[in-house]
Amino acid sequence: MTSIHDKFAKAKETYKEALIRLAMARQAYEAGSGKAYADLLQRCEELRSKIAAHEQAAADSHDLFRRAFAAANYTQTKEVKNALFNKNDAATMAEELRLALAECEANTFEPKVQASEDAKNYLLAHRAAFEAYAHLQVYQALAEMGEPLARALALVRHCELPRLLTINDDPEARREAFVWNCIKEMASTHPVADELPAIEAL
């Protein structure tokens, strides 16, 4: 039978490996596909802002052109030419930016899929690392305090009928449940039962 200390040592190795996988998954998402997708979305948003600015400039320039043209009695003066140039320039810039935005949005699908997959792997790696950490804490506690707990459980096995136990008709299971229920009651009132603590390594 594998001793609790051997299981504790194995749990430490498992946790160490889980942290390595978590670090790789985090790197792949935060510095890889996740960042690339976020940068692409930011570029699209910047293009939208530029489009809005040039559309507003085109509208303002159109009003200026109409007023200048009317003020010049609808003749092509230098001021009218400048107003017309500014109007057309802003409209052309807005149109080119709309084309750029369409291309940017069309290129988001594959990065989104990759980022989603890496985010899922990151989440699974985090869950696995947390589970390994929780198991490690159990084995550590048993390695440090397992002897008195094992003695208590061994003593309860000599009880003919432990009190308040009705889970089934198996005497050994009922006796072990007595100890287990005591531990569960302590766990249910522990602070971390309701609020997950911050774990620096995760």
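This text follows the structure it describes.
Residues numbered from 1 in each chain as written. Predicted model: local features only at pLDDT ≥ 70, side-chain atom pairs only at ≥ 80, totals over all residues. Heavy atoms only, no water.

### Structural notes on the layout of surface pockets
- Considering only enclosed or pocket space, the largest pocket measures out at about 1200 Å³ in volume.
- Lining of the largest pocket is provided by 28 residues; of these, Gln137, Val138, Ala141, Ile183 and Ala187 occupy positions nearest its centre.
- Among the secondary structure elements, those contributing two or more residues to the lining of the largest pocket are helix H1 (4-71), helix H3 (109-156) and helix H4 (171-188).
- Considering each element in turn, the lining of the largest pocket owes the most residues, 14 residues, to H3.
- Of the residues belonging to the lining of the largest pocket, the class tally is 22 nonpolar, four polar and two charged. (1 Å grid on protein atoms, 1.4 Å probe; cavity = no way out; pocket = protein on both sides within 12 Å on 5 of 7 lines; lining within 4 Å. Points joined across faces, edges and corners; volume = space filled by probe spheres on them. Helix = DSSP H or I, 4+ residues; strand = E, 2+ residues; numbered from the N terminus. Nonpolar A, V, L, I, M, F, W, Y, C, P; charged D, E, K, R; others polar.)

### What to know about the environment of His190
- Along the chain, His190 falls in the segment after H4.
- Among the residues examined, His190 registers a relative accessible area of 43% and is labelled partly exposed.
- Separated by 102 residues in the primary sequence, His190 and Asn88 have C-alpha atoms spaced 70 Å apart. (Buried < 20%, exposed > 50% of the residue type's maximum accessible area, 1.4 Å probe, protein only.)

### What about the packing of aromatic side chains?
- Counted by the stated rule, this structure contains four aromatic pairs.
- With a centroid separation of 5.4 Å and 20 degrees between ring planes, the pair formed by Phe65 and Phe69 is classed as stacked. Taken together, the residues Phe65 and Phe69, both in helix H1 and four residues apart, mark about one turn of the helix.
- With a relative accessible area of 26%, Phe69 lands in the partly exposed category.
- Their ring planes at 80 degrees and their centres at 5.1 Å tell us that Phe69 and Tyr74 sit as a pair that is edge-to-face.
- According to the relative accessible area criterion, Tyr74 is exposed, its value standing at 55%.
- Through successive ring pairs, a cluster of aromatic residues spans Phe65, Phe69 and Tyr74.
- One residue, Lys12, lies across the ring of Phe8, its end atom 4.7 Å from the ring centre. (Phe/Tyr/Trp six-rings, centres within 6.5 Å; stacked < 30°, edge-to-face > 60°. Lys NZ or Arg CZ within 6 Å of the ring centre and 35° of its normal.)

### Quick look at the nonpolar core
- Among the nonpolar cores identified, the biggest contains 14 residues, and Tyr15, Leu22, Ala129, Leu136 and Leu202 are the most heavily contacted of them.
- Of all the elements in the fold, those that place two or more residues in this core are H1 and H3.
- With sequence-adjacent residues up to four places away left out, Leu202 is seen in contact with Tyr15, Leu19, Leu22, Arg26, His126, Ala129 and Phe130.
- By size, the runner-up hydrophobic cluster in this structure holds seven residues, among which are Leu40, Cys44, Leu47 and Cys104. (Core = buried A, V, L, I, M, F, W, Y, C linked by side-chain atoms within 4.5 Å. Contact = heavy atoms within 4.5 Å.)

### A closer look at the state of the cysteines
- Throughout the structure, instances matching the rule amount to one disulfide.
- Note that Cys44 is cross-linked by a disulfide to Cys104, the S-S spacing being 2.2 Å. Residues Cys44 and Cys104 are joined by a disulfide whose S-S torsion is about -105 degrees; by sign, that bridge is left-handed. In this pair, Cys44 sits in helix H1 while Cys104 sits in helix H2 (residues 78-106), placing the two residues 60 residues apart along the sequence. (Disulfide = S-S within 2.5 Å.)

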